[in-house]
There are 4 protein chains.
Amino acid sequence: MQISKSFIEQYNDDNLKAHQRKLDFSTSEIENSEAIIKQLVDFQIAIPSWALGTGGTRFGRFPGGGEPRSLEEKIEDVGLLHALNQASGAISLHIPWDIPTDANAIRNLAAQHGLKFDAVNSNTFQDQADQALSYKFGSLQNVNKAIRKQAVDHNIEVIKHGIELGSDSLTVWLSDGSCFPGQLNFRKAFQNTLEGLQEIYAALPSNWKMFVEYKCAEPNFYSTTVGDWGQSLLYASKLGEKAYTLVDLGHHLPNANIEQIVSLLLMEGKLGGFHFNDSKYGDDDLTAGALKPYQLFLIFNELVEGMNARNMNHAKDLGWMIDASHNVKDPLEDLLQSVEAIMMAYAQALSVDRQALEIAQNENDTVRCQEILQNAFRTDVRALVAEASLRAGGALNPIGLFRNLKVRENLIKERGFKTIATGL
Amino acid sequence: MQISKSFIEQYNDDNLKAHQRKLDFSTSEIENSEAIIKQLVDFQIAIPSWALGTGGTRFGRFPGGGEPRSLEEKIEDVGLLHALNQASGAISLHIPWDIPTDANAIRNLAAQHGLKFDAVNSNTFQDQADQALSYKFGSLQNVNKAIRKQAVDHNIEVIKHGIELGSDSLTVWLSDGSCFPGQLNFRKAFQNTLEGLQEIYAALPSNWKMFVEYKCAEPNFYSTTVGDWGQSLLYASKLGEKAYTLVDLGHHLPNANIEQIVSLLLMEGKLGGFHFNDSKYGDDDLTAGALKPYQLFLIFNELVEGMNARNMNHAKDLGWMIDASHNVKDPLEDLLQSVEAIMMAYAQALSVDRQALEIAQNENDTVRCQEILQNAFRTDVRALVAEASLRAGGALNPIGLFRNLKVRENLIKERGFKTIATGL
Amino acid sequence: MQISKSFIEQYNDDNLKAHQRKLDFSTSEIENSEAIIKQLVDFQIAIPSWALGTGGTRFGRFPGGGEPRSLEEKIEDVGLLHALNQASGAISLHIPWDIPTDANAIRNLAAQHGLKFDAVNSNTFQDQADQALSYKFGSLQNVNKAIRKQAVDHNIEVIKHGIELGSDSLTVWLSDGSCFPGQLNFRKAFQNTLEGLQEIYAALPSNWKMFVEYKCAEPNFYSTTVGDWGQSLLYASKLGEKAYTLVDLGHHLPNANIEQIVSLLLMEGKLGGFHFNDSKYGDDDLTAGALKPYQLFLIFNELVEGMNARNMNHAKDLGWMIDASHNVKDPLEDLLQSVEAIMMAYAQALSVDRQALEIAQNENDTVRCQEILQNAFRTDVRALVAEASLRAGGALNPIGLFRNLKVRENLIKERGFKTIATGL
Amino acid sequence: MQISKSFIEQYNDDNLKAHQRKLDFSTSEIENSEAIIKQLVDFQIAIPSWALGTGGTRFGRFPGGGEPRSLEEKIEDVGLLHALNQASGAISLHIPWDIPTDANAIRNLAAQHGLKFDAVNSNTFQDQADQALSYKFGSLQNVNKAIRKQAVDHNIEVIKHGIELGSDSLTVWLSDGSCFPGQLNFRKAFQNTLEGLQEIYAALPSNWKMFVEYKCAEPNFYSTTVGDWGQSLLYASKLGEKAYTLVDLGHHLPNANIEQIVSLLLMEGKLGGFHFNDSKYGDDDLTAGALKPYQLFLIFNELVEGMNARNMNHAKDLGWMIDASHNVKDPLEDLLQSVEAIMMAYAQALSVDRQALEIAQNENDTVRCQEILQNAFRTDVRALVAEASLRAGGALNPIGLFRNLKVRENLIKERGFKTIATGL
């Protein structure tokens, strides 16, 4: 299924008057609204190929129908999202789930949908059917050199697939760790992992980045070998200037101050990118902004401040990705909600009066500092996000149009009800 | 210091045009805006007497000057807040910090400021200079019957003070518990506490309520004897129909779902009231809505839904109180920010399309459920809150006027810089 | 595979001298050691049928070989454990994973191994192949009455299977809840669940118990409908005297004081039983006592104190079960470790000088209270546990003999390497 | 009060027979018991001067009498502890609470008690009476350069006091941070703090170390400027080779894996030392080993492994300190309990069969790994700790003798009941 331009235009025309009224009010309220809209137009968030189907739980899956059955259909799905919001112009692949049989054909298909290939992801946390050695006791950390080599080789292969598709970064997320005290020598696990990462790093093209993702815990675990930003930064620093830390919002211990971590990683020049999602208890991979929207705003507040301080290009110098899982929602609707929430947080952060904030900070006027941030957050910026979508050729209300056009029903017709997407 | 009506009117006149423009937009956006404004006018949040001065930390206090030196000045401070926002028409006293020498005079003074007396609070977590026995090892839980009796007697005395002032509820918060495994027999501690509460309950006038506040932890503690809503509900159920659970937002273990607790307590007819504040790590007593505004909204969402389901009077049938502490802000400015944030959350909760939400819930349309709540939360309701203040005779922007009138500077002039409020 | 008595005797003979030396020292150290040994002999811990194979993670399973392929083989496995430690004389089944085709034959088989049938468990958290309606949006809480009825009917069927096997209790664990704010009306979800539990309760034989298990969270969840002990107690109280709360050690928010919960549930006469395991971050289902052995001891300390206060039969009046999952260990070895750790905690709790503790508590001598508990915990009671096993006909060191006899290797020979147990 | 040798000898003689019996059994059980005893004799734990009196809570203090009123009496108190256990041969001072008027006299007094001066601690988290500028908004992080300079100067003064007393390390713990989002620019706060630390570092004598202590939170805080081991390591790395991270067990987010942090800091050569205590909910500063003794053992397990891997001197190359607070215990008894618990954890860690553990780790034999650690932990090593005390001239049971000699009663007689120690 593809969404024709004319459907979008028709939908926008029908809703334009109401939109314009809101936009007028917003632009009268927000000083730099025009600049914000332009920055929103440029801002793109990569969609992970593994989030296009219903997520698996330890109890099973409850798929909703019409899920993509192939890499081609995954690209088609992201194309649908991007057609609707013009803000999802990239896809992040997971190898081996998404190995292209014909890389050129896949590149062309993506290009037809206006999509780029974002970071490629390796998988050494599952055993594949044809795999010689098991990752039961970890991959890069493994006490067995042959298993470590297998994991290194896999990552190098992922890089090759990425090169063919025009990606320029590799995300390494390991579920290495231990379940019980004593199982692991922490130091040797770190050193084995570092050695493996160094071998992978050596295979990176010169213009590539490596993102070292951290995570505090996995179910059933007692330790993880890339457990927090401190460990990730240690790896990234030892690896070299192409290595960066990747922050997934759900990978922290309770009460962690993620926005401070973001600020410090930017200070160190070692923030690589983001996996957006939200959570209540652990790594819940829920829709971005669904539970803690103010935290999302505070993170963007640090991002804007820190990227500006380093003269970074907001759209290009960091990797922006969603990493979510959907058990009770339509995956595409969920992703549209995530992108919208991220765009709003970004717009609100852009609207913060930074000069006034700096003055208030220098005067220790905490009340005023809070007011400045809250004012930005309490201001309704949805019209700005809609306007950015409109200008870029997307829909004023992507989810509205998604439902209006009965996209899911069409996908079910095309693909069937009992499809299950590859991946998690 | 008192704020004359004319100052407020002048300030409002100066800002009326801008306000009207925002209000017009809001009323065009929010269907039941007129009804919401009326409910906001009726809604009053009690100010705790102990939050009018700078809070104490374990390292000391850093007072900011002009703090109230007496009960009279505390009432004056709350009067200032109420004059500014017309939403703080009650004060909650703490005995023995706030024992009135002449109850009638105090009642009259409060009436002059348009203030009522909310729940009175007992204190059995500190030893007073003239106290016969120490609460070092707890009060109502104590193994020593004489100490338990002293604590019961104190609570009965607090009730008497409350009767004189026209209060109609008692909040019992205990810091009873233990620091080390083995120190306490949990069952006997519960039973002693229950027995003491029963004696206090017996002294309650027929129209009074008793609020049993729970708290998961205190610094240096290993257990608390009224530790969670389950324990509080157990006490309240055993006590009788005048006993209720009081929810303080900062008194929960990490990640607790407070809105669900609120819903279930309402279902049981046992929710008594609230202590509003916000927190990041523990019982931080920070400004309401300063860190987790969406959580505050979700709590009000349950409150509105649950109170409506029981045909409760929003303004009268629950106790609404702030419980905060201020180390780096002007206490009065902080309280104005808290009240504003609470009002906004309440207004947003009132604007939720409940019929649509019920339909979406019945259809398991989770995407739509989220949209309905987020739509209410993302809508800027500040103009409604301002309009309610305006109609009631308060300022369009209470903090703005507070600063404009240099209230703190005036209080420092009147009271001096080195004052320290009694209390925590 | 079965372990002949003679192997066990031979093994014990070989190790008897060393054991006797340790036992002599222990009995000289621990005053009531003989009574403790007798209580240990009587104490039996039920093995869950779903813990006999390698656990599933969201990434897959890494099975170790020789896993039971049928209910018969599961009984055989528990029989092996019980032969080794004489402390695992019960099995807890999960329906529909363990539906017996011939209940009598299964009963006889179990009896041959000296096993009883502990609580039966229903499953409304997964969709079975032949199931009419999906539990995607919950079972007993569901907005759809037909789905609720399906879940009730399933539970009633589970009771029937339990009756046939001689079980006398039903454990109801629901993964009902919600993933996003707004998805659920908490009150209606509670009331639907209560209604369903009441219908199931009505089908209980007069001598049966119903255990209502609570859990604070599931991955991807925002709320759970039986979330904490307070909610479980509310259900159990409304249901009636046959309904009890079941405590699973891994189902609590961070830092929860579980031993206090245990004490209060015993006080209320509403503690039904336990699911033992251990955890670091969440519901990790790791080997009991593997991470927080002192917590396990403190829980048993409350159990012994509270059961004695109510004149309860330690072995019979509560349900003792393990609920664990094994990703990196041999499941049978893991279970032997769990049982041993539980036995030790029980033995240490039995050795606490309760009279001295009560005196110290009454004198607020916290130092002494701590010393009394620590003394019990620091004392090595392994010889007592070994002696209990010896007297009952088990091995002095069950894991030692398990390895000695190459049990796993034999099971792999009998059953093959690529078996996967039914269940989670 | 001083405890004469003869009292100790008499007490030991009275208990020698029972001790010898236990020791004989222990030495027969633990292979390297003689080596362990020798290492225990060498191991000394510094006592913080601020832990000798009853701790302050935010509600007040409940002192127990006989608290030290001067630096001299604090040294006397530590001398008493050291006389009893011969394992507390150092004191850690806090400036300005403990400024000596005559450094030589204090040095001599300490020497008479066999005490050295461990790390000196600065205080920039409280305002002193004579202080020009306030730390209300932080010290080294402050936006005001003059305040930063005041904090730097204070630290340099602390170093001077330390030099006079023969100390060779400075512990810098800051309560710098913020209470509200927006209050602080995280990056600038970090950079200001780093700059200040660099100035202090420049004033360190060549043989000194600087310990940078981290802490995840303070009550009422939203961020801390040295918040976790990652931040501390960043500071320490930028400062230079004399700067190290200091780990306080209570300063972590819920569920943090502290033993892994310890291992990695040792790997990096950046672990400086420890503040021992225990906690349930936050920074509770409870007696070491009172709640999570297995965690304490696991930490020592990493310490022994890591120090051995770097050929470090256990007794000298790291700073071992207690940091606790006592609200319901006699401070001296509490400290004796802490030292004993630390000694036990160290002894158990020394008894781990490291060769077997390494083999099991290399074979991924997780069951065996757990058994090896648990075997060490479950073995009763109290006789080894007692033997070390005996050989060094201390008491077999320090707390027993403390009570036997009525030390507290004597101190109350000498110093009075209403004394309050300076400090927290």
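Scoring rules and cut-offs
- Residues numbered from 1 in each chain as written.
- Chains lettered and ligands numbered in written order.
- Predicted model: local features only at pLDDT ≥ 70, side-chain atom pairs only at ≥ 80, totals over all residues.
- Heavy atoms only, no water.
- Buried < 20%, exposed > 50% of the residue type's maximum accessible area, 1.4 Å probe, protein only.
- Helix = DSSP H or I, 4+ residues; strand = E, 2+ residues; numbered from the N terminus.
- Arc of directions from axis to C-beta.
- Polar contact = N/O pair within 3.5 Å; in protein donor to acceptor, adjacent residues only side chain to side chain.
- Least-squares fit on C-alpha atoms with pLDDT ≥ 70 in both.
- Pairing = 2+ DSSP bridges.
- Right-handed = clockwise from strand over helix to strand, strands pointing away.
- Contact = heavy atoms within 4.5 Å.
- Buried area = accessible area lost by both parts, 1.4 Å probe.
- Salt bridge = Lys/Arg side-chain N within 4 Å of Asp/Glu carboxyl O.
- Nonpolar A, V, L, I, M, F, W, Y, C, P; charged D, E, K, R; others polar.

Chain A is annotated in an unreviewed UniProt entry as L-rhamnose isomerase/sugar isomerase of Arcicella aurantiaca.

Student: I'm lost on helix 4 (residues 103-112) of chain B in this one. Help?
Tutor: Since there are 3.6 residues in each turn of an α-helix, residues three or four apart along the chain are aligned in direction. All names here are of chain B. Listed in full, the buried residues belonging to helix 4 are Ala103, Ile106 and Ala110. One side of helix 4 holds all its buried residues, which, seen down the axis, span an arc of 65°. Facing away from the buried side of helix 4 by over 90 degrees, the exposed positions are Asn104, Ala111 and Gln112. Measuring from the backbone nitrogen of Asn104 back to the side-chain oxygen at the start of helix 4 gives 3.1 Å, which picks out Asp102 as the cap. The positive-phi residue at the C-terminal boundary of helix 4 is Gly114, with phi of around 75°.

Student: Help me understand helix 8 (residues 258-267) of chain C, please; the structure alone is not making it clear to me.
Tutor: All names here are of chain C. Counting buried positions along helix 8 yields ten of ten residues, so the element is predominantly enclosed. Where helix 8 is concerned, the buried positions are Ile258, Glu259, Gln260, Ile261, Val262, Ser263, Leu264, Leu265, Leu266 and Met267. Of the residues flanking the end of helix 8, it is Gly269, one or two places downstream, whose phi is positive at about 65°.

Student: Any chance you could explain the relation of the copies chain B and chain C here in plain terms?
Tutor: Superposition of the two copies of the chain requires a rotation about an axis and a shift along the axis. In screw terms, the move from chain B to chain C is a rotation of 180° and a rise of 0.0 Å along the axis, fitting with an RMSD of 0.0 Å. Such a combination of rotation and displacement between the chain copies is what one expects of a two-fold axis. Among all residues of chain B, the one whose C-alpha sits closest to the rotation axis is B:Gly230, at a distance of 2.1 Å.

Student: Teacher, can you tell me more about the pairing of strand 10 (residues 271-276) of chain C here?
Tutor: Within a regular strand, the side chains alternate between the two sheet faces. Residue and element names in this part refer to chain C. With respect to burial, strand 10 is a largely interior element, six of its six residues being buried. As judged from the four bridges shared by strand 9 (residues 243-248) and strand 10, these two strands associate in the parallel manner. Across the sheet, residue Thr245 finds its bridge partner in strand 10, namely Leu271. Taking the sense of rotation as the criterion, the β-α-β connection linking strand 9, helix 8 and strand 10 turns out right-handed.

Student: Would you explain the interface of chain B and chain C in this entry?
Tutor: Put simply, an interface is often sized by how much accessible area is lost when its parts join up. Each partner contributes to the interface: chain B provides 51 residues, whereas chain C provides 51 residues. Of the roughly 4,400 Å² buried between chain B and chain C on both sides combined, carbon and sulfur atoms contribute 58%. Counting across the interface, chain B meets chain C through six salt bridges. Among the salt bridges present, the one from C:Glu305 reaches B:Arg187, with a minimum N-O distance of 2.7 Å. Looking at the side of chain B that touches chain C, the elements with two or more residues in it are helix 6 (186-202), strand 8 (223-224), helix 7 (229-239), helix 8 (258-267), helix 9 (293-309), helix 11 (354-362) and helix 12 (366-378) of chain B.

Student: How should I be thinking about the interface of chain D and chain A in this particular structure?
Tutor: Each side of the interface is counted separately: chain D has 51 residues, and chain A has 51 residues. Roughly 4,400 Å² is buried in total at the junction of chain D and chain A, and carbon and sulfur atoms are behind 58% of that figure. At the boundary of chain D with chain A, the tally comes to six salt bridges. Residues D:Lys188 and A:Glu358 are paired through a salt bridge, measuring 3.2 Å at the closest nitrogen-oxygen approach. Listing elements by their share of the side of chain D that touches chain A, those giving two or more residues are helix 6 (186-202), strand 8 (223-224), helix 7 (229-239), helix 8 (258-267), helix 9 (293-309), helix 11 (354-362) and helix 12 (366-378) of chain D. Counted by class, the side of chain D that touches chain A contains 22 nonpolar, 20 polar and nine charged residues.

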